[in-house]
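Chain by chain, the residues run as shown.
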Amino acid sequence: MVALVIGVPDSGKSELAENVALELSGENKRIYLATMEVLDEAGYERVKKHRKLREGKGFFTIEAPVRAWEAVSGQPDLKDSTVLIECISNLVGNVMHDENFMKTEGAQSLRDSAVGAAVSDVEQICRAAKNVVIVTNSFAQRDEFDEETKEYITCLDEVNGRLRNLADTVYEFVEGEWQKSENN
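What comes next is a walk through the structure. (Residues numbered from 1 in each chain as written. Predicted model: local features only at pLDDT ≥ 70, side-chain atom pairs only at ≥ 80, totals over all residues. Heavy atoms only, no water.)

**Looking at the nonpolar core**
Judged by nonpolar contacts, the single largest core of 37 residues is most densely connected at L33, V83, I85, I88, V92 and I134. Going through the elements one at a time, β1 (2-7), β2 (30-34), α3 (68-72), β4 (82-86), α4 (88-96), α5 (110-128), β5 (131-137) and α6 (147-166) are the ones with two or more residues in this core. The leading source of residues in this core is α5, at 8 residues. Discounting residues that sit within four places of it in the chain, I85 has contacts with L33, T35, V122, I125, V132, V133, I134 and V135. Judged by nonpolar contacts, the second largest core, of 13 residues, contains A17, L84, C87 and V133. (Core = buried A, V, L, I, M, F, W, Y, C linked by side-chain atoms within 4.5 Å. Buried < 20%, exposed > 50% of the residue type's maximum accessible area, 1.4 Å probe, protein only. Helix = DSSP H or I, 4+ residues; strand = E, 2+ residues; numbered from the N terminus. Contact = heavy atoms within 4.5 Å.)

Dropping the structure here:
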C-alpha cells in the first residue's frame, strides 16, 4: 500500500501521515525516513517539533537527506515494514544542491537528475516495503519566487505527479481541508 500526503506547508501533513502510517503498520516495524538537512536554528526547531510528534509511536528514524533508498535498503524486515518518507520536497531540494547527482548517467539537466533520483529512490522503497506513506509539499503561488525557486517547484511538481500515479491513496489539502482519493 502506498499513500501520498500532499499539501501546503503547515497544513498538518506530518500528523496525518503519521496517523496513516500507524493505521497501516499495525504491530509491524515503522521506519521514519527523515530527509531534512538541518542548516540553521529554524531547521533544528522543526526537527525537534517532528520528533515530539512521533514520540512514543514506535518509529525507527533514519536520516537521509539524499540517497533515500540506500539508507533504507539494508533494514531488517523491510518487506514487513511501513516506511514514512518525510518529506519529498526536502529530498528534491537536497538532490538539486548535491553536485554528485548531476553526474548521474543519462541526466540531461539538474531537473532530470533531481526528478529521476527522487522518484527512483521512492519507487525502490515502495517495491521493498509492505507500506509506504509519502509526505510532500505543494505550492499554489509561484510568481513571488526567484528563478531558482521556480525551477525547484517545477521539479517538485513533476516528482509529485509521478508519485501521485504510484500511490494507491492520495490525501490532498484542498481549500483548507483534507480530501482522500483512491487510485484504482
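Next comes the rest of the write-up.
**Some thoughts on the pattern of salt bridges**
One side chain can pair with another of opposite charge once the charged atoms of both are near each other. Across all of its chains, the model carries 8 salt bridges by this definition. Taking the shortest distance from any N to any O, the salt bridge between R46 and D10 comes out at 3.4 Å. In this pair, R46 sits in helix α2 (residues 41-54) while D10 sits in the loop between β1 and α1 (13-25), placing the two residues 36 residues apart along the sequence. Across the pair R164 and E172 runs a salt bridge whose closest N-O atoms are separated by 3.1 Å. We classify R164 as partly exposed; its relative accessible area is 27%. (Salt bridge = Lys/Arg side-chain N within 4 Å of Asp/Glu carboxyl O.)

**Details of the layout of surface pockets**
Its volume calculated, the largest pocket comes out at about 700 Å³. As for the largest pocket, its lining consists of 29 residues, of which M36, R46, H50, E86 and N90 are closest to the centre. Element by element, the count of residues in the lining of the largest pocket is highest for α2, at 8 residues. For the lining of the largest pocket, a count of residues per class yields 12 nonpolar, 8 polar and 9 charged. (1 Å grid on protein atoms, 1.4 Å probe; cavity = no way out; pocket = protein on both sides within 12 Å on 5 of 7 lines; lining within 4 Å. Points joined across faces, edges and corners; volume = space filled by probe spheres on them. Nonpolar A, V, L, I, M, F, W, Y, C, P; charged D, E, K, R; others polar.)

**Focus on the pairing of β4**
Counting buried positions along β4 gives 5 out of 5 residues, so the element sits mostly inside the fold. Burial along β4 is two-sided: the face carrying T82, L84 and E86 and the face carrying V83 and I85 are both buried. As judged from the 5 bridges shared by β2 and β4, these two strands associate in the parallel manner. Bridged to I31 within β4 is V83. (Pairing = 2+ DSSP bridges.)

Honestly, it's all geometry; don't read function into it.
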